[in-house]
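A look at the structure
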Amino acid sequence: MTGVSSMIQIITCDDSKELLAIVKQEIDKIIPDQKEIETYYFSSYNSEFWQLVNYNNVNEEIQPSITRIYILDVQNDSGIDVAREIRSRDTQAYILFLSAHEQEYKDIIFASTIRYYAFVSKDNVSLLEGHLKNIMKEIRKSRKHSLAYWEQGQLYVVVLEDLLYVTTDKANKKTLFV
């Protein structure tokens, strides 16, 4: 796993490698070469998947600037239960569901208490591009009220409402955010 210093992580899990490739193409259409975005692709909810989810959760105080977008296969190891667990750990995450059995799972998800962003049929994955564009707009809009800066390869984001003042320590050549 690379260092988690980017602003946005897109984490996709689907048991179909062909579908993962299509999802990757859709993601690449809207985020080519943006260094603040990391993408992860899994074919199952394996230990590496949970390690990433848990790493993000444990390091939330250190990495408050990370926004996560999960694209989850509904029927793969009960993606609904996985989404429920993710939601319990990350209330700000965006969750999108994928399924080849749209009507069957759409009703179940709708009846659940999981807050999710969208449900995309595997028969119409091209709709994913529009949903991802909308999510990216929401994220950028919410970040207009924040200050982001890089220090030693690490990205930090300060919410402007939490900022009292900014000053410069000329002796140590540093800017202080209080």
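The following refers to the structure shown.

What counts, and at which threshold
Residues numbered from 1 in each chain as written. Predicted model: local features only at pLDDT ≥ 70, side-chain atom pairs only at ≥ 80, totals over all residues. Heavy atoms only, no water. Salt bridge = Lys/Arg side-chain N within 4 Å of Asp/Glu carboxyl O. Helix = DSSP H or I, 4+ residues; strand = E, 2+ residues; numbered from the N terminus. Buried < 20%, exposed > 50% of the residue type's maximum accessible area, 1.4 Å probe, protein only. Expected span 1.5 Å × (residues − 1). Arc of directions from axis to C-beta. Contact = heavy atoms within 4.5 Å. Pairing = 2+ DSSP bridges. Axes fitted to C-alpha atoms, helices over the stretch in contact; angles between N-to-C directions. Phe/Tyr/Trp six-rings, centres within 6.5 Å; stacked < 30°, edge-to-face > 60°.

**What to know about the pattern of salt bridges**
With the rule as written, the count across this model stands at nine salt bridges. The closest approach of N and O atoms between K29 and E129, which form a salt bridge, is 3.8 Å. Highlighted residues: K29 in helix α1 (residues 17-30) and E129 in helix α5 (residues 127-142), separated in sequence by 100 residues. Judged by its relative accessible area of 19%, E129 falls in the buried class. Across the pair K133 and E129 runs a salt bridge, and its minimum N-O distance is 3.2 Å. Here K133 and its partner E129 are both found in helix α5, four residues apart, which amounts to about one turn of the helix.

**Remarks on α5**
Spanning 16 residues, α5 covers 23 Å between terminal C-alpha atoms, matching the ideal 22 Å at 1.5 Å per step. Residues L128, E129, L132, I135, M136 and I139 constitute the buried set of α5. Here the buried residues of α5 occupy an arc of 125° about the axis, which is enough to place them on one side. Residues of α5 that are exposed and point over 90 degrees away from its buried face: K137 and K141. Contacts from the buried residues of α5 go to β1 (8-13), α1, β2 (37-42), β3 (67-73), β4 (94-99) and β5 (118-121).

**Details of the pairing of β4**
Burial runs high along β4: six of the six residues are buried. Side chains Y94, L96 and L98 of β4 all project onto a buried face; the interleaved residues I95, F97 and S99 project onto the opposite face, where all are buried too. In this structure, β3 lies alongside β4, joined through five bridges in parallel fashion. Its bridge partner being in β4, D73 is matched across the sheet by L98. Judged from the four bridges that link them, β4 and β5 form a sheet pairing that is parallel. Its bridge partner being in β5, F97 is matched across the sheet by F119.

**A look at the sheet that holds β2**
With parallel pairing, five strands are arranged side by side in an open sheet as β2-β1-β3-β4-β5. The open sheet has two edge strands with one neighbour each: β2 and β5. If you compare each strand with its neighbour and ignore which way they point, the axes differ by 15° on average.

**So, the packing of aromatic side chains**
Counted by the stated rule, this structure contains five aromatic pairs. Considering the side-chain rings of Y94 and Y117, the 5.9 Å spacing of their centres and the 70° angle between planes classify their relative orientation as edge-to-face. Of the two residues, Y94 is situated in strand β4 and Y117 in the loop between α4 (102-111) and β5; the sequence distance between them amounts to 23 residues. Using a relative accessible area of 15% as the deciding quantity, one classes Y94 as buried. Residue classification places Y117 among the partly exposed positions, given a relative accessible area of 28%.

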